[in-house]
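# Structure at a glance
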Amino acid sequence: MEKFNLLVENKKDLKGVLPLISIITIVYNGAKYIERTINSVINQTYHNIEFIIIDGGSTDQTLDIIKKYEDKITFWKSEPDLGIADAFNKGISVAKGSIIGFVNSDDWYEDDTIEKVVGYFDSYSVVFGDVQFWEKNKKTHRTYGDHNRLHHGMTIAHPAVFVKKEIYNKYGLFNLEYKIAMDYEFILRLYFNKVSFYNIESILVNMSLGGLSDRKWLEACIEERKIKGLYIGKIWSYYCFIKQFSIFFVRNVIKFLKIK
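Conventions and cut-offs
- Residues numbered from 1 in each chain as written.
- Predicted model: local features only at pLDDT ≥ 70, side-chain atom pairs only at ≥ 80, totals over all residues.
- Heavy atoms only, no water.
- Helix = DSSP H or I, 4+ residues; strand = E, 2+ residues; numbered from the N terminus.
- Buried < 20%, exposed > 50% of the residue type's maximum accessible area, 1.4 Å probe, protein only.
- Contact = heavy atoms within 4.5 Å.
- Areas by Shrake-Rupley, 256 points an atom, 1.4 Å probe, with all protein chains shown as cover.
- Phe/Tyr/Trp six-rings, centres within 6.5 Å; stacked < 30°, edge-to-face > 60°.
- Axes fitted to C-alpha atoms, helices over the stretch in contact; angles between N-to-C directions.
- Parallel < 35°, antiparallel > 145°, perpendicular 65-115°, else oblique.
- Left-handed = near helix turned anticlockwise from the far one by under 90°.
- Nonpolar A, V, L, I, M, F, W, Y, C, P; charged D, E, K, R; others polar.
- Pairing = 2+ DSSP bridges.

## Re the overall build of the protein
Regarding its fold elements, the protein presents ten helices and nine strands. Counting the 260 residues in the protein, one finds 47% classified as buried. The long-range fraction of contacts in the protein, counting pairs at least 24 apart against all pairs at least 6 apart in sequence, stands at 75%. For the protein, the accessible area works out to roughly 13700 Å², and carbon and sulfur atoms hold 53% of it.

Below, the structure is given as structure tokens:
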């Protein structure tokens, strides 16, 4: 890690020496926030980045914004897809970097996110960190990633996860069967195959509340239950599902009572 830090200090002169990092953003009608996402990638303190955008056939101003930054984007494509997992896989299929990260079209990196994580890949295959959540331009809460609790659920946020390209080659891509929890299935697959994880315990990504898994919470829980059943066992999967549903129900009752 110390040797890597010395290289980073001279990153403008040693771009070819540093690992190429592929950052993939998938988007569909994301004109409201995608410019912020793009800027968070192209303005990273780490410079050897390949930036890939996979658009699902947007009909708003998303493509105009992408074209505005075309000289900063390595590759982009706009066409219909079969869902989020399919869009993820399209990005991976064209990625040339030795390390791959995903940042959603309504989320954004810290300025030094990639510089923070890249040096750990000499020893680990998956590196992740924490997430700062936002609602209406205000910070809400921070989530602390913990891969040792993955049997409980998605305890690390996918936009804060970076994975070696060779891991996708060895263990496969995202499963198209899952429409929301495909990232959980993929991460759990790696965990049960004893792939090495490292938590840098630092905020890497800012995420906006109200994403797909928030809007379709019950569907996401059902998919998680199915995934846990495959990797851990059916009894445990139903226990976790009942627990998640109970917590969700109690929280919403409390919120309703506060409003009244």
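## Describing the packing of aromatic side chains
The final tally for this structure, using the stated rule, is 14 aromatic pairs. What links up through ring pairs into an aromatic cluster is the set F88, F102, Y168, F174 and F186.

## Some thoughts on the packing of helix α7 (residues 182-192) against helix α9 (residues 217-231)
Running from amino to carboxyl end, α7 crosses α9 at an angle of 20°, the nearest separation of the two axes being 10 Å. As judged from the angle between their axes, α7 and α9 are roughly parallel. Crossing hand, α7 versus α9: right-handed. Judged by residue contacts, M182, Y184, E185, L188, R189 and F192 of α7 engage E223, E224, I227, K228 and Y231 from α9. Here the contact of α7 with α9 is built from residues that sort into six nonpolar, no polar and five charged.

## As for the pairing of strand β6 (residues 126-135)
Of all ten residues in β6, eight are buried; the element is thus mostly enclosed. As paired elements, β6 and strand β8 (residues 161-164) share three bridges and run antiparallel to each other. Within the sheet, the bridge partner assigned to F128 lies in β8 and is V161. Two strands pair when backbone bridges link them, and β6 and strand β9 (residues 197-208) are joined in this way by eight bridges, in the parallel orientation. By the bridge assignment for β9, Q132 is matched with N206. In this structure, β6 lies alongside strand β7 (residues 138-143), joined through four bridges in antiparallel fashion. Of the residues in β7, the one forming a bridge with V131 is T143. Turn length for the β6-β7 hairpin, with the two strands adjacent in sequence and antiparallel, is two residues, and the turn residue K136 shows positive phi of about 55°.

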